[in-house]
Amino acid sequence: MGEIGGLSNFFHGVARAPLVSGVTPLERGPVLDSGAKLWVKRDDLTGLGVGGNKVRKLEFLCGAAQAENSLSLVTVGAGQSNHCRMTAAAGALLGLDVHLVLSGERPERLEGNQLLDALFGAQLHFTGEPDHHWGALEIVRESVTDALIADGKRPYSIPIGGSTAVGALGYVAGYLELSQQLMAKEVDVSAVVHTSSSGGTHAGLVAGQAVCRAIGMPAPSVIAVGVAKGVVIGSPDVTTLANEALSLLPNCPPGSVVEEADVVVDGDWLGDDYSVPTPAADDAIRWAARRGGWVLDRVYSGKGLSGVLGRDAAGEWAAGDNVVFIHTGGIPSVFVAAGVPEL
Ligand SMILES: Cc1ncc(COP(=O)(O)O)c(C=O)c1O
């Protein structure tokens, strides 16, 4: 699912659970200050569990879980993790128990993504750790996984953000889908910009770009706007992850290789840290809402769009250029205290 006919051949032989509800729209957005046209790939509309980018990854992660006859899913994230919420929804749909390891303490009242996690029937394991203590959170994921193994629950355990080579396949499919949409609209694009945190979306996109290059489809360059310190300083290694993802495709077109030069991370829009709001992201959230009617969040897509607007203001694009912003979702965290900027 999730791509236009023909391109699914590349995924033959790879376990995949159909979770994305269909091809996501590629919409015309407002014109940027430079006069360049903005296009928005609406991956906030992937469907399952309020949608977002992780549904694409979960198609392959859950496919692998089913292939291993797993009975449960375990994953980990920040307290308001979108990835955890979509994993909870995927587990509900596929009949798998879901355990989520989250930062922070259990609040008196669940809100935003956590409210949906519970609605989807997931078990929440609050660690008391701060959001960005990713290493400590991963250790708790491992211990929850070990306990489930001991209990005979055959868990499929997913690292933070679902950013394994298997998960990255979701954005190989996502890039191929976008490339085909651009071809159909005869739009020549200067850059595809998205928000990056654990790097798997980025790895999948550059892997998809390598496939498109190899088969002669439009292959615009990818720019990741980093919203977590790890991805900004180069961990994980996106090039390696992308090439690992390609190696999982039995029908990968010859010549599909990701080079270091394909991997561009812009760390200028992170601000003080992951999930700490920035004035530029708050401006971008108001800009998107008031000119395009889109909802962006302060942790991910608001910072991502601030990168687009900032690069445009710095003279990167001009009238006649086309730029795609992938809206990766994150909408439920708008409904928590301080989820939107001052209006
Ligand atoms: C809304 C949103 N955008 C972007 C990302 C970044 O994706 P990745 O972790 O694959 O880099 C996430 C990750 O959780 C997300 O929730």
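Thresholds applied
Residues numbered from 1 in each chain as written. Predicted model: local features only at pLDDT ≥ 70, side-chain atom pairs only at ≥ 80, totals over all residues. Heavy atoms only, no water. Salt bridge = Lys/Arg side-chain N within 4 Å of Asp/Glu carboxyl O. Helix = DSSP H or I, 4+ residues; strand = E, 2+ residues; numbered from the N terminus. Buried < 20%, exposed > 50% of the residue type's maximum accessible area, 1.4 Å probe, protein only. Phe/Tyr/Trp six-rings, centres within 6.5 Å; stacked < 30°, edge-to-face > 60°. Lys NZ or Arg CZ within 6 Å of the ring centre and 35° of its normal. 1 Å grid on protein atoms, 1.4 Å probe; cavity = no way out; pocket = protein on both sides within 12 Å on 5 of 7 lines; lining within 4 Å. Points joined across faces, edges and corners; volume = space filled by probe spheres on them. Nonpolar A, V, L, I, M, F, W, Y, C, P; charged D, E, K, R; others polar. Domains from an automatic or database assignment. pLDDT = per-residue confidence, 0-100. Contact = heavy atoms within 4.5 Å.

1. Some remarks on the pattern of salt bridges
On inspection of all chains with the given rule, the structure shows 14 salt bridges. A salt bridge links K41 to E177; the shortest N-O distance between them is 2.6 Å. Here the residue K41 occupies a position in strand 2 (residues 37–42), and E177 occupies one in helix 5 (residues 165–185), the gap between them amounting to 136 residues. Residue E177 is classed as buried on the basis of its relative accessible area of 0%. The partner of D262 in a salt bridge is R213, and the shortest N-O contact between them spans 3.0 Å. A residue pair is termed long-range when its members are at least 10 positions apart, and D262 in the loop between helix 8 (238–247) and strand 9 (264–266) and R213 in helix 6 (residues 200–215) qualify at 49 residues.

2. Some thoughts on the packing of aromatic side chains
The tally for this structure, following the rule as stated, stands at 3 aromatic pairs. With a centroid separation of 5.5 Å and an interplanar angle of 45°, the aromatic rings of F11 and F60 are classed as tilted. Pair noted here: F11 is in the segment before strand 1 (26–31) and F60 is in helix 1 (residues 54–67), with a separation of 49 residues, a long-range link. The buried category is assigned to F11, whose relative accessible area is 4%. A ring pair is formed by W134 and Y274, whose centres lie 5.0 Å apart and whose planes are at 80°; its orientation type is edge-to-face. Taken together, the residues W134 in helix 4 (residues 134–150) and Y274 in the loop between strand 9 and helix 9 (279–292) connect sequence positions 140 residues apart. A residue is classified by how much of its surface remains accessible, and W134, at 25% relative accessible area, is partly exposed. Owing to a relative accessible area of 4%, Y274 belongs among the buried residues under this scheme. Here R28 stacks its cationic end above the ring of W39, 5.3 Å away from the centre of that ring. One Lys or Arg, R56, reaches over the ring of Y171 and ends 5.6 Å from the middle of that ring.

3. Some remarks on the layout of surface pockets
The computed volume of the largest pocket comes to approximately 450 Å³. In terms of lining, the largest pocket is formed by 31 residues, of which the most central are K54, G161, S197, S198 and Y300. Secondary-structure elements contributing two or more residues to the lining of the largest pocket are helix 1, strand 3 (72–77), helix 2 (82–94), strand 7 (191–196), helix 6 and helix 7 (229–232). Looking at the lining of the largest pocket residue by residue, the classes come out as 10 nonpolar, 19 polar and 2 charged. When residues are assigned to domains, the lining of the largest pocket turns out to be shared by domain 1 (7–53 + 167–335) and domain 2 (54–162), each giving three or more. Roughly 360 Å³ of internal volume is contained in the second largest pocket. By residue class, the composition of the lining of the second largest pocket is 10 nonpolar, 5 polar and 5 charged. Of the residues that make up the lining of the second largest pocket, three or more belong to each of domain 1 (7–53 + 167–335) and domain 2 (54–162).

4. Quick look at the confidence of the model for the protein chain
Per-residue confidence for the protein chain gives a mean pLDDT of 96; residues scoring 70 or more make up 98%. For the stretch residues 1–5, pLDDT sits under 50, and the model shows 20 contacts to residues farther than four places along the chain or on other chains.

5. Here's the deal with the environment of V206
Tracing the backbone shows V206 in helix 6. For the pair formed by V206 and V55, sequence separation is 151 residues and the distance between their alpha carbons is 18 Å. With near-sequence residues (within four places) excluded, V206 lies in contact with V222, V238, A242, V258, D262 and V263.

6. A look at empty space enclosed by the protein
It is the rolling of a water-molecule-sized probe over the atoms that shows where space remains empty. Scanning all chains against the criterion turns up 1 cavity of 30 Å³ or more. Approximately 40 Å³ is the volume found for the largest cavity. If you go around the largest cavity, the residues you meet are K41, D43, R56, Y171, G174, Y175, L178, L205 and I326. Ranked by the residues each element gives to the lining of the largest cavity, the list is headed by helix 5, at 4 residues. For the lining of the largest cavity, the class distribution of residues is 5 nonpolar, 1 polar and 3 charged.

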